Amino acid sequence: MAGKKADPGQLSFDLPQEPAVIEEQPEGRVVRVLTDVTAIDRAFDYLVPSTWEADGRSEALQIGSSVRIPLAGRRVGGWVIADNVEPPPGVKLRSLAKLSSRGPSEEIIDLARWAAHRWAGRLSSLLKTASPAVNVTRIPPAPAHIEAHGKEATWAARALEQPCTSLRLPPGFSVLPLLKAAARRGDTLVIVPTLKQAQRLALEVRQAGLPVALMPRDWARAAAGGMVIGTRSAVLAPVANLAAVVVIDEHDEAHQEERNPTWHARELAIERARRAGVPCVLTSPNPSLEALAWGEAQMLPRAEERQGWPKVDLIDRRPDDPVRSGLLSEALVPLIRGEQGDPVVCVLNRKGRSRLLACAQCGNLICCEDHQVPLTQDDQEVLICPIDQVRRPAVCESCGSVRFKNLRAGVTRVREELEALARRPVVEVTADTPESDLKQAKLLVGTEAVLHRVDRAACVVFLEFDQELLAPRTRASEQAMALIIRAARLLGGRQDGGRLAIQTRLPDHEVLQATLLSDPSRLVEPETVRRQLLNLPPFSALAQISGAAAQAFITNLGRPEEVDVLGPRDGAWLIRAKTAEKLADVLAQVERPPGRLRIEVGPLRS
DNA sequence: CGGACAAGCTGA
DNA sequence: CAGCTTGTCCGG
């Protein structure tokens, strides 16, 4: 186990100055409690009431226990983070008010402390994540150990041989053999990106006859033993006898917490496994460079890997004559009419109705003369100013043409056009489309969120993929690939007969070529070169500082050696260091100014 | 965070 | 100088 790091910036205990004479030593056991009030972020010492001896509460109370404490005239919650401590002299100790619940073990608290330092956040925020949602007072008996049936897949067993393995598995390939192989070794912790995936996987594992706890619901059951499956917060779950850690789809951005501290489940999983001396397996159809930093990816034989990807149609829009809005090409017609099977899911990454119209004749943008903003088009061929809602006929002001070209079609508009072209009903999928509508629909359209709401499809169409490829984000390629992987999951492998259609004017783009050839290794080299050239993670570590107190923080930071400070841009600064450890050390040394401050370590955007 | 308390401001 | 607002400090 790695040594605990002293963390001067995070917790101040006002330790006693080695008292010469110990006098008036308070009677009884004293514990140190970290409050769950984020703004306090301090630990205080409390007496364990002597009455707790008799009813077993004293025995149940241990490091990690969740307690209520009197503090400044009110009761607040907290965690016991040290036992049998010597309180600072001269303070009048108060007694614990209540033993609320079991909490994280000492190992998890140490891991949380490491994460709080690594992501420059508060320990209490991580302990909250590590604690049960509802109070737990007893742990159920351990489930009987059940041996997974069937013979062990060699690739799965091999992945568990090393301390940390990046395992490249195509989207249509089940991870169940890996989980079974891990379960043979003992209790396994499995981290997946979404709750839906966690539920589905837990069901599969249960059907395979293995005991499984679904986090965060089954905190107590997780502590009892068996396999533990959950989303990122499960990386701090109690696991009885940890034997392996598996991170599924480690490339997925859902593994990173979006609130402060922005910890990443992949990195935490690796550290947890390392501390426990058990293997950590990171799976992904397209391993992140961060995962590949642990060594070359293990993979299936190429022929087998290809079978795990769907068939891909790249629809090159360049020589195309546009149909209707120009968004739907002739080549789509057989697909959206269901000739390759149903349901067909169309993805368009834009929201709302047409926002930007141009005259088809003279090319002028259709704007409001008074407010200089683009006009929107109504159902009844009327133009509306978004500022004062004034309506006028749909006629070009400069040439009188009544034909407009939609430069930014929204989902609603595309739905109508799809319906006309497919000659059948199209369901527009939004956050509040009822589940029943989704189940019956044969043809659907929505933003990328539609890929989360539908379970299976015979065909997925990306109506306009170029904006993903050209997005001005450092992780654009990776994010585009993640989207393709999500789509491929709905389609299954090659033998399932699903089709992935992508409309593009960039058919030679490396992401699309990698998809077409079912070969993500084509992305590794160009992406590595690019990141190295721009000095981006994993070849550096970044933190974004924003909020009202950001300026003061940067002033306090000064100009440490081997650290770059970039910005401000839009009121935010970027701090770059060679390694995550260096970055964390530098951030921890800065005196925190009062006021709102957001420190985003390893930002996904920018 | 939320209470306590001190310092500063206002009105007569 | 009471009565109030605003700011700073501290909690075991």
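Conventions used here
- Residues numbered from 1 in each chain as written.
- Chains lettered and ligands numbered in written order.
- Predicted model: local features only at pLDDT ≥ 70, side-chain atom pairs only at ≥ 80, totals over all residues.
- Heavy atoms only, no water.
- Salt bridge = Lys/Arg side-chain N within 4 Å of Asp/Glu carboxyl O.
- Helix = DSSP H or I, 4+ residues; strand = E, 2+ residues; numbered from the N terminus.
- Buried < 20%, exposed > 50% of the residue type's maximum accessible area, 1.4 Å probe, protein only.
- Contact = heavy atoms within 4.5 Å.
- Pairing = 2+ DSSP bridges.
- Arc of directions from axis to C-beta.
- Near = heavy atom within 4 Å.
- Nonpolar A, V, L, I, M, F, W, Y, C, P; charged D, E, K, R; others polar.
- Disulfide = S-S within 2.5 Å.
- Core = buried A, V, L, I, M, F, W, Y, C linked by side-chain atoms within 4.5 Å.
- Phe/Tyr/Trp six-rings, centres within 6.5 Å; stacked < 30°, edge-to-face > 60°.
- Lys NZ or Arg CZ within 6 Å of the ring centre and 35° of its normal.

Some details on the pattern of salt bridges
Line of reasoning, step 1. As enumerated under the stated definition, the model contains 35 salt bridges in all.
Line of reasoning, step 2. Between E250 and R266 there is a salt bridge, with its nearest N and O atoms 3.0 Å apart. Taken together, the positions of E250 in the loop between β11 (242-247) and α8 (265-276) and R266 in helix α8 put the pair 16 residues apart, joining distant regions of the chain.
Line of reasoning, step 3. Given the relative accessible area of 0%, E250 is considered buried.
Line of reasoning, step 4. Connected through shared salt-bridge partners, E290, R475, E478, E527, R530 and R531 make up one network.

Here's the deal with the environment of A549
Line of reasoning, step 1. Here A549 is to be found in the loop between β25 (541-546) and α19 (550-557).
Line of reasoning, step 2. Sequence spacing of A549 and L597 is 48 residues, and the spatial spacing of their C-alpha atoms is 5.3 Å.
Line of reasoning, step 3. Residue contacts for A549: discarding those within four places in its chain leaves P593, P594, G595, R596 and L597.

Structural notes on the sheet that holds strand β17 (residues 376-377)
Remark on secondary structure: sheet strands pair via backbone hydrogen bonds, oriented parallel or antiparallel.
Line of reasoning, step 1. Sheet architecture is open: three strands sit in the order β17-β18-β19, paired in antiparallel fashion. Looking at which strands have only one partner, the edges of the open sheet turn out to be β17 and β19 (391-393).
Line of reasoning, step 2. Relative to strand β18 (residues 382-384), β17 runs antiparallel, the two being bridged by two bridges. Bridge pairing links T376 to I384 in β18.

A look at α19
Line of reasoning, step 1. For α19, every residue scored as buried is listed here: A550, F553, I554 and L557. In a view along the axis of α19, the buried residues occupy a sector of 100°, so they form one face of it.
Line of reasoning, step 2. Of the surrounding secondary structure, the elements contacted by the buried residues of α19 are β25, β26 (563-569), β27 (572-577), α20 (580-589) and β28 (598-601).
Line of reasoning, step 3. A positive backbone phi angle near 70° is found at G558, which sits one or two residues after α19.

Digging into the protein's contact with DNA strand B
Line of reasoning, step 1. Around DNA strand B, the neighbouring residues are V37, A39, I40 and R74.
Line of reasoning, step 2. Within 4 Å of the protein, the contacting atoms of DNA strand B are drawn from sugar and phosphate to the extent of 40%.
Line of reasoning, step 3. For the surface near DNA strand B, a count of residues per class yields three nonpolar, no polar and one charged.

Observations concerning the sheet that holds strand β3 (residues 66-71)
Line of reasoning, step 1. Spatially, the six strands line up as an open sheet ordered β5-β2-β1-β4-β3-β6, and their pairing is mixed. Either end of the sheet is taken by a strand with one partner, and the two such strands are β5 (94-95) and β6 (98-101).
Line of reasoning, step 2. Pairing of β3 with β6 involves three bridges; the strand directions are antiparallel. Among the inter-strand pairings, S66 is bridged to a residue of β6, identified as S101.

Examining the pairing of β26
Line of reasoning, step 1. The pairing of β26 with β27 spans five bridges and is classified as antiparallel. Its bridge partner lying in β27, L566 is registered against L574.
Line of reasoning, step 2. Here β26 folds back onto β27, and the loop between the two strands holds two residues, one of which, D570, carries a positive phi near 55°.

Topic: the state of the cysteines
Line of reasoning, step 1. With the rule as written, the count across this model stands at zero disulfides.
Line of reasoning, step 2. The closest cysteine sulfur to the non-disulfide-bonded C164 is located on C280, 4.7 Å from its own sulfur.

Quick word on the side chain of S166
Line of reasoning, step 1. If you trace the backbone, S166 turns up in strand β7 (residues 164-168).
Line of reasoning, step 2. The exposure class of S166 is buried, given its relative accessible area of 2%.
Line of reasoning, step 3. Ignoring sequence-local partners within four residues, the contact set of S166 consists of L282, P287, A291, L292, E296, A297 and Q298.

Concerning the nonpolar core
Nonpolar side chains in soluble globular proteins tend to be buried together.
Line of reasoning, step 1. One finds L268, I545, I575 and L587 to be the most contacted residues of the largest nonpolar core, which totals 65 residues.
Line of reasoning, step 2. Take this core: its biggest share by element is seven residues, from helix α2 (residues 106-118).
Line of reasoning, step 3. Setting aside anything within four residues of it in sequence, one finds I545 in contact with A550, F553, I554, G571, A572, W573, I575, L587, L597, R598 and I599.

Topic: the packing of aromatic side chains
Line of reasoning, step 1. One pass over the full model with this rule turns up three aromatic pairs.
Line of reasoning, step 2. Centre to centre, the rings of W114 and W119 are 5.7 Å apart; their planes meet at 85°, and the pair counts as edge-to-face.
Line of reasoning, step 3. By relative accessible area, which is 17% here, W114 ends up buried.
Line of reasoning, step 4. Arranged with centres 5.7 Å apart and planes meeting at 65°, the rings of W155 and F173 form a pair that is edge-to-face. Placement of the pair is W155 in helix α4 (residues 154-159) and F173 in the loop between β7 and α5 (176-185), with a sequence separation of 18 residues.
Line of reasoning, step 5. On the accessibility criterion, F173 (23% relative accessible area) is partly exposed.
Line of reasoning, step 6. Positioned above the aromatic ring of W119, the side-chain terminus of R118 is 4.3 Å from the ring centre.

In short, the description is geometric, and any link to function would need to be established separately.
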